[in-house]
Amino acid sequence: MRIMASRAEDEQREPINEQAVANKYASMRTELNQIYSKITELEMEVGEHSLVINAIQPLDPSRRCFRMIGGVLVERTIQEVLPAVRRNKEGLEEVIARLNEALEKKKKEISDFEAKYKIRIRKPDGETKDDAGRKEGSAQGVLVGPAGGSE
């Protein structure tokens with residue numbers, strides 16, 4: 001029974017024409033980009049949590065500190081806050097690991113879809129030349145002066 005149900009679902013999901021295939025492919029690529037951006041956002045949060053942990057870890061555990069909880073700034077001690085920040089960081093790392101798994105599944109799904117419908121991304125010849133030119137030119141505009149120098 002389960003096999004028949006999944007076959008029926010596959011037949012319903014099967015794109016009918018070229019436009020439907022293109023729309024499905026575009027939506028899959030959009031989902032992939034959303035996963036990438038969410039991973040990036042969460043990695044930045046993990047970095048912020050690490051900064052906080054490194055900043056408050058060497059301090060006296062009875063020292064007071066402030067923490068934002070649900071939009072409300074509350075006063076706590078480092079002894080109370082540090083374990084919570086560590087737990088939050090670990091939770092974020094777990095979510096990132098799950099998102100990376102979902103990312104790999106989505107990449108495989110997209111590559112299977114590309115193979116099934118023989119999809120190839122076309123890039124105009126002029127575009128690749130422009131990209132090479134931009135990469136070389138992007139480093140030319142950087143000026144570095146002495147650190148902490150006075151004018």
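Residues numbered from 1 in each chain as written. Predicted model: local features only at pLDDT ≥ 70, side-chain atom pairs only at ≥ 80, totals over all residues. Heavy atoms only, no water.

(A) Local environment of the overall build of the chain. Assigned secondary structure in the chain consists of four helices and two strands. Within the span of the chain, comprising 151 residues, buried residues form 17% of the whole. Roughly 12400 Å² of accessible area belongs to the chain as shown, and the carbon and sulfur atoms make up 52% of that amount. (Helix = DSSP H or I, 4+ residues; strand = E, 2+ residues; numbered from the N terminus. Buried < 20%, exposed > 50% of the residue type's maximum accessible area, 1.4 Å probe, protein only. Areas by Shrake-Rupley, 256 points an atom, 1.4 Å probe, with all protein chains shown as cover.)

(B) Structural detail: the packing of helix H2 (residues 18-56) against helix H3 (residues 78-117). Interhelical geometry of H2 versus H3 gives an angle of 160 degrees and a closest axis separation of 8 Å. As judged from the angle between their axes, H2 and H3 are roughly antiparallel. Judged by the sense of rotation from one axis to the other, the crossing of H2 with H3 is left-handed. For the contact of H2 with H3, a count of residues per class yields 25 nonpolar, four polar and 13 charged. (Axes fitted to C-alpha atoms, helices over the stretch in contact; angles between N-to-C directions. Parallel < 35°, antiparallel > 145°, perpendicular 65-115°, else oblique. Left-handed = near helix turned anticlockwise from the far one by under 90°. Nonpolar A, V, L, I, M, F, W, Y, C, P; charged D, E, K, R; others polar.)

(C) Local environment of the side chain of His-49. As for its position among the elements, His-49 is in helix H2. Sequence-distant contacts of His-49, defined by excluding residues within four places in its chain, comprise Val-85, Asn-88, Lys-89 and Leu-92. (Contact = heavy atoms within 4.5 Å.)

(D) Region of the structure containing the confidence of the model for the chain. Model confidence for the chain is summarised by a mean pLDDT of 82, while 73% of its residues fall at 70 or above. In the model, residues 1-8 has pLDDT below 50 throughout and makes zero contacts with residues more than four positions away in sequence or in other chains. Low pLDDT, under 50, characterises residues 128-139; the predicted model gives this stretch zero contacts beyond four residues in sequence or across chains. (pLDDT = per-residue confidence, 0-100.)

(E) Spotlight on H3. Counted at 1.5 Å a residue, the expected span for H3 with its 40 residues is 58 Å, and the 57 Å between its end C-alpha atoms agrees. All of the buried residues along H3 are Ile-78, Val-81, Leu-82, Ala-84, Val-85, Leu-92, Ile-96, Leu-99, Leu-103, Lys-106, Ile-110 and Phe-113. Buried residues in H3 make contact with H2, strand E1 (64-69) and strand E2 (72-77). Looking one or two residues beyond H3, the residue adopting positive phi is Lys-118, at roughly 55 degrees. (Expected span 1.5 Å × (residues − 1).)

(F) Up close: the packing of aromatic side chains. Evaluation of the coordinates by the stated rule reveals two aromatic pairs. Ring geometry for Tyr-25 against Phe-113: centres 6.3 Å apart, planes inclined by 10 degrees, an arrangement best described as stacked. Of this pair, Tyr-25 sits in helix H2 while Phe-113 sits in helix H3, placing them 88 residues apart in sequence. Comparing Tyr-25 with Phe-113 shows no difference in burial state: the two are buried. Between the aromatic rings of Phe-113 and Tyr-117, the centroid separation amounts to 4.8 Å while the plane-to-plane angle is 50 degrees, which identifies the pairing as tilted. Linking Phe-113 with Tyr-117, this pair stays in helix H3, spanning four residues, or about one helical turn. Assessed through its relative accessible area of 24%, Tyr-117 is described here as partly exposed. Members of the aromatic cluster, joined through ring pairs, are Tyr-25, Phe-113 and Tyr-117. (Phe/Tyr/Trp six-rings, centres within 6.5 Å; stacked < 30°, edge-to-face > 60°.)

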